[in-house]
Amino acid sequence: MYNVLIIDDEEPLREAIRIVGDWEHLGIEHIYEATNGRLGLEMLSQYNIDVVMVDMKMPELNGIEFLRAIEKAYPHLLTIVISGYNDFEYTRQAIQSRVVDYLLKPIHRQDLNQALRKAVDILASRKQSENEFISQNITLNMSLPKLKEKLYLSILDRSFKRQANTALLPLIGADNPGNRFGVSVLRLLNRDEVRRTRFHGDTELMDFAVTNVLAQTSDERLSCFSFPHPRREREVISVCTLAPGQEEHMALLLAQVTQKAVTNLHGLFGMVVSAGVGQPCTDVVELASAYADAKALIHSTDVLKLEGASVLHTAPRQMIKSEEVQWTDRLLLIQKDAQTGQANRAKVLLNDLLKSLASGSVFRLQDADRLIREFHFLLREAAVELGASVSASSQKGAFGEVERVAEGELTADFTSFADYGQRLTRMLELYIAGVQHAQAGNQPFDISDIKKHIDRYYFEDIKISFFAETYFLSREYLMKLFKQQFGYGIHEYVQKVRMDKAKELLSDSSLKIQEISDMLGYKDKNYFSKAFRNYYQVSPSEYRVSLQ
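Residues numbered from 1 in each chain as written. Predicted model: local features only at pLDDT ≥ 70, side-chain atom pairs only at ≥ 80, totals over all residues. Heavy atoms only, no water.

Chemist: Can you help me understand the overall build of the chain in this one?
Modeler: The helix and strand inventory of the chain stands at 24 helices and ten strands. Within the chain, buried positions represent 47% of all 548 residues. In the chain, once contacts between residues fewer than 6 apart in sequence are set aside, the share between residues at least 24 apart is 69%. (Helix = DSSP H or I, 4+ residues; strand = E, 2+ residues; numbered from the N terminus. Buried < 20%, exposed > 50% of the residue type's maximum accessible area, 1.4 Å probe, protein only. Contact = heavy atoms within 4.5 Å.)

Structure (structure tokens):
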């Protein structure tokens with residue numbers, strides 16, 4: 001059974017498609033609807049959609065922008081374009097986006113169902129290909145290293161099914177009952193600095209260099225396969241296999257290979273690493289527990305003892321917990337002072353907290369990560385309360401800068417406790433600067449300025465992002481404030497002004513409808529007519545006749 005999403009701002013058209021589509025016969029179970037491309041993208045993230053039917057001219061995010069957006073995010077999604085305008089630009093974009101079909105309005109039953117049948121046939125063909133013999137999938141879909149990485153990750157996250165992957169076990173030596181397995185985990189503590197200074201900011205090049213170093217340090221008796229964790233950017237995993245005959249030496253061999261790798265990474269690239277080695281195991285699925293143990297050893301690293309040198313944990317030991325420093329209340333006080341302009345007092349409180357942590361017997365890496373996450377969360381929430389833009393994609397505004405840098409600070413470099421303290425201090429300084437900038441920028445702001453702008457420039461392409469960047473305020477905050485003040489959403493008000501002006505212009509019989517469309521900022525006469533009909537339930541021509 002398949003799911004279809006219809007994206008069109010005209011409710012009658014969506015209803016017509018629902019009526020004429022032969023859904024049950026085509027095996028289509030759910031039909032979802034969205035009124036514009038932006039909402040369509042949101043629904044794609046919420047539901048498992050197989051086919052999208054999209055109109056080309058819509059508010060907020062049109063069909064061309066939508067197709068371009070899903071090319072990267074959903075490269076395998078099937079699309080059917082629907083448009084009332086046989087325009088070459090749309091057709092070209094549709095071809096570039098590899099759409100299944102291109103239908104012109106009004107939609108005919110036969111054309112619609114033929115397009116849907118074509119999409120369903122493609123989906124069925126894909127499903128059949130996915131169920132073919134496993135060796136064909138290996139050849140067609142992925143390289144051997146990527147396949148091994150995928151297998152190991154499924155083992156480490158405990159989603160591996162032995163019965164379903166029997167044919168793949170020889171690739172990782174899991175078909176030989178005499179083999180032994182081990183895993184070591186490396187956390188790159190100064191990853192950002194090394195990437196910037198040694199690899200010109202190229203993450204892929206750095207990852208290749210690191211895994212290449214690990215491959216070269218493998219012992220001839222110990223076969224190791226290394227790869228960066230795809231979801232944890234500072235983590236590198238090395239899984240090792242030992243053939244029968246050296247079982248009693250595996251723990252030592254694994255520790256030696258990891259130590260050599262850590263030493264070489266520091267010597268070649270200046271990398272500072274915290275590494276953990278799990279206990280060897282006889283069954284490949286036991287690597288999940290060994291991986292968890294290795295991670296726990298890394299988490300136990302004492303940040304107070306980090307002095308720019310790598311740390312290697314090779315065996316289980318008593319985990320010493322960080323002394324209970326009650327930082328939550330202190331963070332809330334820091335947040336409050338920073339938000340209310342008490343910058344110096346906020347910095348003093350943060351400095352006191354760092355002194356309390358430094359005076360303790362141990363401060364684990366795991367607790368350091370948790371503290372910096374909580375601190376970032378509180379600062380970000382405070383920024384949102386001020387109505388400031390904290391979008392990582394924002395290119396303007398102080399809070400945009402806070403978010404872009406602070407997001408990186410969550411996993412930022414620190415190779416000593418002094419570095420760690422500087423990271424927290426920098427986050428606070430950026431936030432305070434954002435508060436001061438926002439307050440300075442917000443003082444002359446009046447929501448009626450936006451209304452005045454729309455009243456004057458209603459014929460232009462008005463975007464909320466323009467106002468958000470102009471006043472350093474979030475899109476959501478502006479929309480909420482405008483609605484509270486004037487009873488309309490910003491887009492609704494633009495439409496209202498244009499439609500009011502349309503009535504006024506239509507009363508002048510000397511003006512052609514095409515001219516009125518141009519004066520109102522519509523790029524196409526037909527789109528203006530459609531908008532007018534949706535708003536007043538009559539076409540511009542019918543309204544003009546009614547005035548006579």
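Chemist: Honestly, the packing of aromatic side chains in this entry has me stumped. Any pointers?
Modeler: In this description, a pair of aromatic rings is defined by centroid distance and the angle of the planes. Counted under the stated rule, the structure contains 20 aromatic pairs. Relative to Tyr536, the ring of Tyr535 has its centre 4.9 Å away and its plane inclined at 75°; by these criteria the two rings are edge-to-face. We classify Tyr536 as buried; its relative accessible area is 19%. Chaining the aromatic ring pairs together yields one cluster made of Tyr522, Tyr527, Phe528, Phe532, Tyr535, Tyr536 and Tyr543. Here the guanidinium or amino end of Lys451 rests over the ring plane of Phe486, the centre of that ring lying 5.8 Å away. Here the basic side chain of Arg498 rests over the ring of Tyr522, its NZ or CZ set 5.1 Å away from the ring centre. (Phe/Tyr/Trp six-rings, centres within 6.5 Å; stacked < 30°, edge-to-face > 60°. Lys NZ or Arg CZ within 6 Å of the ring centre and 35° of its normal.)

Chemist: What should I look at first to understand unusual backbone geometry in this one?
Modeler: Here the amide bond leading from Lys105 into Pro106 is cis, since omega sits at -5°, within 30 degrees of zero. In this structure, Pro106 sits in the loop between β5 (101-104) and α6 (109-130). Despite not being glycine, Glu60 shows a phi value in the positive range, around 70°. Within the secondary structure, Glu60 is located in the loop between β3 (51-55) and α4 (63-73). For His200, which is not glycine, the phi torsion reads 55° and is therefore positive. If you trace the backbone, His200 turns up in the loop between α9 (191-198) and α10 (203-216). Residue class for His200 comes out exposed when judged on its relative accessible area of 73%.

Chemist: I'm lost on the nonpolar core in this one. Help?
Modeler: Nonpolar side chains in soluble globular proteins tend to end up buried together. Within the largest apolar cluster, 57 residues are counted, with the highest numbers of intra-cluster contacts made by Leu287, Phe363, Phe375, Tyr420 and Leu428. No other element matches helix α15 (residues 365-385), which puts eight residues into this core. Other than its neighbours up to four places away in sequence, Leu287 contacts Tyr152, Ile155, Leu156, Phe181, Gly182, Val183, Val239 and Cys281. In terms of nonpolar packing, the next biggest core, distinct from the first, is built from 30 residues, Ile454, Leu478, Phe482 and Val494 among them. (Core = buried A, V, L, I, M, F, W, Y, C linked by side-chain atoms within 4.5 Å.)

Chemist: Explain the sheet that holds strand β4 (residues 78-83) here, please?
Modeler: The pairing of strands in a sheet happens through backbone hydrogen bonds and is either parallel or antiparallel. Judged by pairing direction, the sheet is parallel, and its five strands sit side by side in the order β2-β1-β3-β4-β5 without closing on themselves. Two strands bound the open sheet, and with one partner strand each, they are β2 (28-34) and β5. On average, each strand axis in the sheet is inclined to that of its neighbour by 20°, with strand direction left out of account. Where strand β1 (residues 2-7) lies against β2, six bridges are found, and the strand directions are parallel. From the neighbouring strand, Ile6 faces β2, where its bridge partner is Glu33. Set on the sheet, α4 makes contact with β1, β3 and β4; between it and β3 the angle comes to about 150°. (Pairing = 2+ DSSP bridges. Axes fitted to C-alpha atoms, helices over the stretch in contact; angles between N-to-C directions.)

Chemist: Can you walk me through the state of the cysteines in this structure?
Modeler: Note: disulfide means a covalent bond formed between the sulfur atoms of two cysteine side chains. Applying the stated criterion across every chain yields a total of one disulfide. Between the sulfur atoms of Cys224 and its disulfide mate Cys240 the distance is 2.2 Å. Residues Cys224 and Cys240 share a disulfide whose torsion about the S-S bond is about 105°; that sign makes it right-handed. One end of the pair, Cys224, is in strand β7 (residues 222-228); the other, Cys240, is in strand β8 (residues 235-242), with 16 residues separating them in the sequence. Like Cys224, the residue Cys240 is buried in the burial classification. (Disulfide = S-S within 2.5 Å.)

Chemist: Just to check I follow, could you spell out the pattern of salt bridges for this structure?
Modeler: Side-chain pairing between opposite charges can occur once the charged atoms of the two side chains come close. Tallied over the full model, the rule gives 32 salt bridges. The partner of Arg14 in a salt bridge is Glu33, and the shortest N-O contact between them spans 2.8 Å. Of the two residues, Arg14 sits in helix α1 (residues 11-20) while Glu33 sits in strand β2, which places them 19 residues apart along the sequence. For Asp337, the salt bridge goes to Arg345, with nearest N and O atoms at 3.0 Å. With relative accessibility at 6%, the residue Asp337 sits in the buried group. Members of the salt-bridge network, linked through shared partners, are Asp8, Asp9, Glu10, Asp55, Lys105 and Lys530. (Salt bridge = Lys/Arg side-chain N within 4 Å of Asp/Glu carboxyl O.)

Chemist: How should I be thinking about the packing of helix α18 (residues 448-457) against helix α21 (residues 490-506) in this particular structure?
Modeler: Any two packed helices are characterised by how steeply their axes cross, that is the angle between the axes, and by the distance between the axes. Where α18 meets α21, the axes come as close as 9 Å, and the angle between the chain directions of the two elements is 35°. Considering only the axes of α18 and α21, their crossing is right-handed. Residues Lys451, Ile454 and Asp455 of α18 form the contact with α21, whose participating residues are Ile490, Tyr493, Val494 and Val497. Of the residues contributing to the contact of α18 with α21, the split by class is five nonpolar, no polar and two charged. (Left-handed = near helix turned anticlockwise from the far one by under 90°. Nonpolar A, V, L, I, M, F, W, Y, C, P; charged D, E, K, R; others polar.)

Chemist: Help me understand helix α11 (residues 250-269) in this model?
Modeler: Note: α-helices contain 3.6 residues per turn, so residues at a spacing of three or four share the same orientation. Compared with the 28 Å implied by 1.5 Å per residue over 20 residues, the 28 Å span of α11 between its first and last C-alpha is a close match. For α11, the set of buried residues is Met250, Leu253, Leu254, Ala255, Val257, Thr258, Ala261, Val262, Leu265 and Phe269. Just past α11, the residue Gly270 takes up positive phi, approximately 75°. (Expected span 1.5 Å × (residues − 1).)

Chemist: For this particular structure, what's the right way to read the confidence of the model for the chain?
Modeler: Here the chain averages 83 in pLDDT, while 84% of its residues score no lower than 70. Here residues 389-411 is modelled with pLDDT under 50, and outside its nearest four sequence neighbours on either side it reaches 52 contacts, counting other chains as well. (pLDDT = per-residue confidence, 0-100.)

Chemist: Just checking my understanding: could you explain the environment of Ile464 for this structure?
Modeler: Take Ile464: it is sitting in helix α19 (residues 464-471). In this structure Ile464 comes out as buried when scored by relative accessible area, which is 2%. A sequence separation of 404 residues divides Ile464 from Glu60, and the C-alpha atoms of the two residues are 9.4 Å apart. Ile464 has contacts with Arg475, Met479, Ile490 and His491, leaving out every residue within four places of it along the chain.

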